[in-house]
Amino acid sequence: LKGRFGEAWQEKGIIVDNQNIIKKLDKTFSKGNGAVIRNGVFTGNAVLNGDLTFKDLNITQGSSLSVGENGVLNVTGNLTGPGSLSNTGGIISIGGNYSVNKDLRIQRDVTLHNVTVEKGIRLQVNNANLSLSGDLVNNGSMEIDENSTLYVTGKLTNNGTLTVRNPQNLIVKGGIVGN
(Lines give C-alpha, C1' and ligand atoms only; values in the text may rest on other atoms or scores of the structure.)
Protein backbone atom coordinates (compact mmCIF):
# COMPACT_ATOMS: atom_id res chain seq x y z
CA LEU A 1 0.00 0.00 0.00
CA LYS A 2 1.30 3.41 -0.94
CA GLY A 3 -0.35 6.77 -0.65
CA ARG A 4 -0.22 10.52 -0.17
CA PHE A 5 -2.70 13.17 0.93
CA GLY A 6 -5.84 11.07 0.78
CA GLU A 7 -4.87 8.89 -2.19
CA ALA A 8 -3.89 5.22 -2.06
CA TRP A 9 -2.41 2.70 -4.49
CA GLN A 10 -2.94 -0.93 -3.69
CA GLU A 11 -1.72 -4.00 -5.53
CA LYS A 12 -3.46 -6.52 -3.27
CA GLY A 13 -4.68 -6.88 0.29
CA ILE A 14 -7.30 -5.16 2.42
CA ILE A 15 -7.46 -1.48 3.39
CA VAL A 16 -9.47 -0.63 6.51
CA ASP A 17 -10.51 3.03 6.43
CA ASN A 18 -13.04 3.67 9.21
CA GLN A 19 -12.19 7.39 9.32
CA ASN A 20 -12.91 7.87 5.59
CA ILE A 21 -9.43 9.36 5.15
CA ILE A 22 -8.75 7.85 1.72
CA LYS A 23 -10.64 9.92 -0.83
CA LYS A 24 -9.16 8.37 -3.96
CA LEU A 25 -8.20 4.72 -4.40
CA ASP A 26 -6.27 3.62 -7.46
CA LYS A 27 -8.26 0.98 -9.34
CA THR A 28 -5.53 -1.69 -9.16
CA PHE A 29 -7.61 -3.44 -6.52
CA SER A 30 -10.41 -3.89 -9.05
CA LYS A 31 -8.30 -6.64 -10.69
CA GLY A 32 -9.79 -8.98 -8.12
CA ASN A 33 -7.06 -9.07 -5.50
CA GLY A 34 -7.87 -6.30 -3.04
CA ALA A 35 -10.65 -4.79 -0.99
CA VAL A 36 -11.62 -1.81 1.14
CA ILE A 37 -13.53 -1.89 4.42
CA ARG A 38 -15.15 1.39 5.42
CA ASN A 39 -17.20 1.50 8.61
CA GLY A 40 -17.81 -2.24 8.53
CA VAL A 41 -18.72 -2.43 4.81
CA PHE A 42 -16.47 -4.73 2.75
CA THR A 43 -16.12 -4.03 -0.99
CA GLY A 44 -13.82 -5.95 -3.34
CA ASN A 45 -12.24 -9.39 -3.46
CA ALA A 46 -9.44 -10.44 -1.15
CA VAL A 47 -7.78 -13.20 0.83
CA LEU A 48 -7.27 -12.50 4.55
CA ASN A 49 -3.99 -13.86 5.90
CA GLY A 50 -3.84 -11.80 9.11
CA ASP A 51 -6.24 -10.76 11.87
CA LEU A 52 -9.36 -8.61 11.40
CA THR A 53 -11.86 -7.90 14.16
CA PHE A 54 -15.10 -5.98 13.65
CA LYS A 55 -18.27 -5.46 15.62
CA ASP A 56 -20.37 -5.85 12.45
CA LEU A 57 -19.31 -6.66 8.88
CA ASN A 58 -21.36 -6.33 5.68
CA ILE A 59 -19.94 -7.98 2.54
CA THR A 60 -21.42 -6.13 -0.43
CA GLN A 61 -22.96 -7.61 -3.59
CA GLY A 62 -20.29 -8.96 -5.94
CA SER A 63 -17.60 -8.93 -3.24
CA SER A 64 -15.82 -11.93 -1.79
CA LEU A 65 -13.65 -12.50 1.25
CA SER A 66 -11.64 -15.69 1.65
CA VAL A 67 -9.99 -16.40 5.01
CA GLY A 68 -6.62 -18.01 4.26
CA GLU A 69 -4.58 -20.48 6.30
CA ASN A 70 -3.11 -17.83 8.61
CA GLY A 71 -6.21 -15.62 8.63
CA VAL A 72 -8.50 -14.87 11.57
CA LEU A 73 -11.80 -13.08 10.96
CA ASN A 74 -13.51 -12.19 14.23
CA VAL A 75 -16.96 -10.57 13.89
CA THR A 76 -18.29 -10.00 17.40
CA GLY A 77 -21.71 -8.85 16.20
CA ASN A 78 -23.44 -9.56 12.90
CA LEU A 79 -22.11 -10.74 9.55
CA THR A 80 -24.43 -9.62 6.76
CA GLY A 81 -24.59 -8.93 3.05
CA PRO A 82 -25.10 -10.75 -0.20
CA GLY A 83 -21.35 -11.10 -0.90
CA SER A 84 -19.50 -14.35 -0.35
CA LEU A 85 -17.33 -15.53 2.55
CA SER A 86 -15.19 -18.65 2.31
CA ASN A 87 -12.71 -20.38 4.57
CA THR A 88 -9.59 -21.85 2.97
CA GLY A 89 -7.93 -22.90 6.22
CA GLY A 90 -8.28 -19.97 8.62
CA ILE A 91 -10.55 -19.11 11.53
CA ILE A 92 -13.93 -17.42 11.21
CA SER A 93 -15.60 -16.45 14.48
CA ILE A 94 -19.11 -14.96 14.29
CA GLY A 95 -20.93 -13.50 17.29
CA GLY A 96 -18.01 -14.43 19.53
CA ASN A 97 -18.32 -18.16 18.80
CA TYR A 98 -16.00 -20.36 16.78
CA SER A 99 -16.76 -23.98 15.97
CA VAL A 100 -13.74 -26.03 14.91
CA ASN A 101 -15.37 -28.38 12.39
CA LYS A 102 -12.28 -29.49 10.46
CA ASP A 103 -8.78 -30.38 11.58
CA LEU A 104 -6.82 -27.23 12.41
CA ARG A 105 -3.25 -26.40 13.39
CA ILE A 106 -2.68 -23.02 15.06
CA GLN A 107 0.91 -21.86 14.67
CA ARG A 108 0.68 -18.25 15.83
CA ASP A 109 -0.93 -16.43 18.74
CA VAL A 110 -4.73 -16.27 18.45
CA THR A 111 -7.31 -14.65 20.73
CA LEU A 112 -10.99 -15.66 20.50
CA HIS A 113 -14.06 -15.73 22.76
CA ASN A 114 -15.91 -19.09 22.88
CA VAL A 115 -14.55 -22.14 21.04
CA THR A 116 -16.07 -25.58 20.48
CA VAL A 117 -14.00 -28.41 19.00
CA GLU A 118 -16.43 -30.79 17.28
CA LYS A 119 -16.39 -34.57 17.76
CA GLY A 120 -13.83 -36.33 15.55
CA ILE A 121 -11.89 -33.11 14.91
CA ARG A 122 -8.25 -32.48 15.86
CA LEU A 123 -7.00 -29.07 17.03
CA GLN A 124 -3.26 -28.63 17.47
CA VAL A 125 -1.49 -25.59 18.93
CA ASN A 126 2.19 -25.46 17.95
CA ASN A 127 4.59 -22.75 19.20
CA ALA A 128 1.69 -20.40 19.86
CA ASN A 129 -0.70 -19.08 22.50
CA LEU A 130 -4.44 -19.73 22.23
CA SER A 131 -6.28 -17.28 24.49
CA LEU A 132 -10.03 -17.53 25.03
CA SER A 133 -11.97 -14.81 26.84
CA GLY A 134 -14.94 -17.18 27.19
CA ASP A 135 -15.44 -20.94 27.36
CA LEU A 136 -13.84 -23.92 25.61
CA VAL A 137 -15.78 -27.11 24.85
CA ASN A 138 -13.62 -29.95 23.54
CA ASN A 139 -15.57 -32.82 22.01
CA GLY A 140 -12.68 -33.88 19.77
CA SER A 141 -8.93 -34.07 20.20
CA MET A 142 -6.73 -31.17 21.32
CA GLU A 143 -2.96 -31.14 21.55
CA ILE A 144 -1.02 -28.24 23.08
CA ASP A 145 2.72 -28.63 22.50
CA GLU A 146 5.44 -27.86 25.08
CA ASN A 147 6.07 -24.39 23.62
CA SER A 148 2.42 -23.33 23.60
CA THR A 149 -0.07 -21.99 26.13
CA LEU A 150 -3.83 -22.53 26.35
CA TYR A 151 -5.44 -19.74 28.40
CA VAL A 152 -9.19 -19.98 29.10
CA THR A 153 -10.88 -17.23 31.11
CA GLY A 154 -14.15 -19.15 31.32
CA LYS A 155 -14.84 -22.84 31.79
CA LEU A 156 -13.13 -25.72 29.97
CA THR A 157 -15.47 -28.64 29.30
CA ASN A 158 -13.50 -31.65 28.08
CA ASN A 159 -15.55 -34.46 26.54
CA GLY A 160 -12.72 -35.59 24.27
CA THR A 161 -8.96 -35.94 24.46
CA LEU A 162 -6.86 -33.05 25.75
CA THR A 163 -3.07 -33.42 25.70
CA VAL A 164 -0.98 -30.62 27.20
CA ARG A 165 2.74 -31.32 26.87
CA ASN A 166 3.63 -28.78 29.58
CA PRO A 167 0.92 -28.71 32.29
CA GLN A 168 2.11 -25.26 33.47
CA ASN A 169 0.93 -23.91 30.11
CA LEU A 170 -2.71 -24.81 30.74
CA ILE A 171 -4.38 -21.89 32.52
CA VAL A 172 -8.12 -22.13 33.15
CA LYS A 173 -9.78 -19.47 35.33
CA GLY A 174 -13.36 -20.84 35.29
CA GLY A 175 -12.64 -24.46 36.14
CA ILE A 176 -12.39 -27.74 34.26
CA VAL A 177 -15.32 -30.13 33.74
CA GLY A 178 -14.91 -33.62 32.30
CA ASN A 179 -11.92 -35.89 31.89
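Quantities reported herein were computed from a predicted structural model and do not represent experimental measurements.

**Comments concerning the nonpolar core**
Counting residues in each nonpolar core, the largest one holds 23 residues, and the members touching the most others are Ile 91, Ile 106, Leu 112, Val 115, Leu 130, Leu 136 and Leu 150. Those elements that provide at least two residues to this core are strand E14 (97-100), strand E15 (104-106), strand E16 (110-112), strand E17 (114-117), strand E18 (122-125), strand E19 (129-132), strand E21 (141-144) and strand E22 (149-152). Core analysis: the second largest hydrophobic core is formed by 14 residues, Ile 37, Ala 46, Leu 57 and Ile 92 among them.

**A short note on the side chain of Thr 149**
Inspection of the secondary structure assignment puts Thr 149 in strand E22. Using a relative accessible area of 19% as the deciding quantity, one classes Thr 149 as buried. If we ignore the near neighbours within four places in the chain, the residues touching Thr 149 are Ala 128, Asn 129, Leu 130, Ile 144, Asn 169 and Ile 171.

**So, the pattern of salt bridges**
Summed over the entire model, instances satisfying the criterion amount to three salt bridges. Across the pair Arg 122 and Glu 143 runs a salt bridge whose closest N-O atoms are separated by 3.4 Å. Of this pair, Arg 122 sits in strand E18 while Glu 143 sits in strand E21, placing them 21 residues apart in sequence. For Arg 122, a relative accessible area of 37% translates into the label partly exposed. Connected through salt bridges with shared partners, the residues Arg 122, Glu 143 and Arg 165 form a single ionic network.

**Section: the sheet that holds E19**
The four strands are arranged E16-E19-E22-E25 in an open sheet whose pairing can be described as parallel. Pairing within the sheet leaves two strands with one partner each, and these edge strands are E16 and strand E25 (170-172). Between one strand axis and the next, the sheet turns through 5° on average, direction left out of account. Of the pairings in the sheet, the one linking E22 to E25 comprises three bridges and is parallel in character. The partner of Val 152 across the bridge, within E25, is Val 172.

**Concerning empty space enclosed by the protein**
Taken as a whole, this structure holds one cavity of 30 Å³ or more when the rule is applied. In this structure, the largest cavity occupies an estimated 30 Å³ of space. Taken together, Tyr 98, Val 100, Leu 104, Ile 106, Leu 112, Val 115, Leu 123 and Leu 130 form the lining of the largest cavity. For the lining of the largest cavity, the secondary-structure elements that each account for two or more residues are E14 and E15. Grouping the constituent residues of the lining of the largest cavity by class yields eight nonpolar, no polar and no charged.

**Brief notes about the sheet that holds strand E24 (residues 161-164)**
The strand order across the open sheet built from four strands is E15-E18-E21-E24, with neighbouring strands paired in parallel fashion. Edge positions in the sheet fall to E15 and E24, since each of these pairs with one other strand and no more. The mean inter-strand angle of the sheet, taken between neighbouring strand axes irrespective of direction, is 10°. Here E21 pairs with E24 via four bridges, running parallel. Of the residues in E24, the one forming a bridge with Ile 144 is Val 164.

Conventions used here
- Residues numbered from 1 in each chain as written.
- Predicted model: local features only at pLDDT ≥ 70, side-chain atom pairs only at ≥ 80, totals over all residues.
- Heavy atoms only, no water.
- Core = buried A, V, L, I, M, F, W, Y, C linked by side-chain atoms within 4.5 Å.
- Buried < 20%, exposed > 50% of the residue type's maximum accessible area, 1.4 Å probe, protein only.
- Helix = DSSP H or I, 4+ residues; strand = E, 2+ residues; numbered from the N terminus.
- Contact = heavy atoms within 4.5 Å.
- Salt bridge = Lys/Arg side-chain N within 4 Å of Asp/Glu carboxyl O.
- Pairing = 2+ DSSP bridges.
- Axes fitted to C-alpha atoms, helices over the stretch in contact; angles between N-to-C directions.
- 1 Å grid on protein atoms, 1.4 Å probe; cavity = no way out; pocket = protein on both sides within 12 Å on 5 of 7 lines; lining within 4 Å.
- Points joined across faces, edges and corners; volume = space filled by probe spheres on them.
- Nonpolar A, V, L, I, M, F, W, Y, C, P; charged D, E, K, R; others polar.

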